[in-house]
Amino acid sequence: MSKGKRIERLFGILKMLMDKKEVTLYQLTQAFDVSKRTIQRDIVTLRKAGFPIARKSPKSGVYRLDKDIKYQVEMFTEKEILILMAIRDALFSMGKGLSKTAKEIISRLLEYEDNIVRVHLDHPKLLDEEDEEKLSEIVNAIRERRIVSFKYRVFSEYSVRVKPYRLGFYRGLWYLLAEDKGKIKAFAVDKMEDVGMEDEEFDEIPEEVIQLESFSPFFSPHLGRAKVKILAAPEAAEFLKRKPIALSQKLLEERPDGSCVFEVEGFTFAEIINTVVKPWIPYVFVLEPKELVESIVSDVEGWIEKAKDAKNTIFRKLTP
């Protein structure tokens, strides 16, 4: 088939989606006399071009187009250009689909493609086409305030039905913050399968979620904030004064030897241990609370014993 015929078909698909609330895969194949696989490839092409086409559910073959999308082209300041290009560069690390769309949209707004900024993400999981479809489905569900169902895999697979509130990107992974049976939880998008938006709607997003300034999968509105007092060795203190490594961080004391005492805050102690303390060993020490100090010491001692066992095992295997 010629390129012109395909372009004509792509415009025809868009027109059908604009004219109707929902269009089925069967209707599209009949309208254009092509196979289901051809229509599916066309839908993928339109999505990559930036058109917000979503499926009603993963297996229904019913498509719809968000007709409220508006593009506003404005004059940008240097600061705004920097922000836009930083966003574009960050999305390059998340997979071909998102990066291509980001480049097309932002380059079109800015009218040039100069690479004047580079943003480092924390070793993100690259998104494949299936992951991007999940995100599209979730975004539409959040905007329309509709229930989302999916299968979730941890140790084994189980079915979940939730009220979706927010998507968040945390340390290289996408998460959905949603209400499951009255409790707000974070679900890793890469562990979700068969994501589908249902017809049932929900009323509102909780105020504590709306007021959430930063995202963490450890977030829970039912728990208070965890506070920990840490001592940063001189080798790390100067950096920590320049850049916070916790949800909230306050400098309490600067000592003559160059070390500093900070109070750091997170949603849970587990978050602080895993994202603040352990990555900075041996340059960060917990001072308070004492129970946390004892827990970390026990964890480290256990790790050392396991490391010794692993070393001895390797030595025995190498010894003739």
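Student: It is not clear to me how the sheet that holds strand β3 (residues 62-65) should be interpreted in this structure. Could you clarify?
Tutor: In any sheet, the strands associate via hydrogen bonds between backbone groups, in a parallel or an antiparallel arrangement. An order of β1-β3-β2 is seen for the three strands of this open sheet, with the pairing classed as antiparallel. Two strands close off the open sheet at either side, each with one partner strand: β1 (23-24) and β2 (53-55). As paired elements, β1 and β3 share two bridges and run antiparallel to each other. Looking at β3, one finds that V23 is bridged to Y63. Across the sheet, helix α3 (residues 36-48) lies against β2 and β3, angled at about 135 degrees from β2, the strand it touches most.

Student: Any chance you could explain the pattern of salt bridges here in plain terms?
Tutor: Any two side chains of opposite charge can pair, on the condition that their charged atoms come close. Scanning all chains against the criterion turns up 15 salt bridges. Residue D199 is joined to R146 by a salt bridge in which the shortest nitrogen-to-oxygen separation is 3.4 Å. Placement of D199 in strand β8 (residues 192-201) and of R146 in strand β4 (residues 146-153) is noted, with a sequence separation of 53 residues between them. By relative accessible area, which is 10% here, R146 ends up buried. Residue K151 pairs with D194 through a salt bridge whose shortest N-O separation is 3.7 Å. Remark: D194 occurs in strand β8 and K151 occurs in strand β4; sequence separation between them is 43 residues.

Student: Can you walk me through the pairing of strand β9 (residues 226-232) in this structure?
Tutor: Where a strand is regular, its side chains alternate between the two sheet faces. Among the seven residues that make up β9, five are buried, leaving the element largely enclosed by the rest of the structure. Where β9 meets strand β11 (residues 260-266), seven bridges bridge the pair, whose relative direction is antiparallel. Across the sheet, residue L231 finds its bridge partner in β11, namely V261.

Student: Help me understand the sheet that holds strand β10 (residues 248-254) in this model?
Tutor: One open sheet accounts for four strands, arranged β10-β11-β9-β12; its pairing is antiparallel. Only two strands of the sheet have a single partner each, and these edge strands are β10 and β12 (284-288). The mean inter-strand angle of the sheet, taken between neighbouring strand axes irrespective of direction, is 30 degrees. The sheet contacts of helix α8 (residues 234-242) involve β9, β10, β11 and β12, and relative to β11 the element is tilted by about 55 degrees. Along the sheet, helix α9 (residues 269-277) contacts β9, β11 and β12; its crossing angle with β9, the most-contacted strand, is approximately 25 degrees.

Scoring rules and cut-offs
Residues numbered from 1 in each chain as written. Predicted model: local features only at pLDDT ≥ 70, side-chain atom pairs only at ≥ 80, totals over all residues. Heavy atoms only, no water. Pairing = 2+ DSSP bridges. Helix = DSSP H or I, 4+ residues; strand = E, 2+ residues; numbered from the N terminus. Contact = heavy atoms within 4.5 Å. Axes fitted to C-alpha atoms, helices over the stretch in contact; angles between N-to-C directions. Salt bridge = Lys/Arg side-chain N within 4 Å of Asp/Glu carboxyl O. Buried < 20%, exposed > 50% of the residue type's maximum accessible area, 1.4 Å probe, protein only.

Keep in mind that these numbers describe shape and distance, not what the molecule does.
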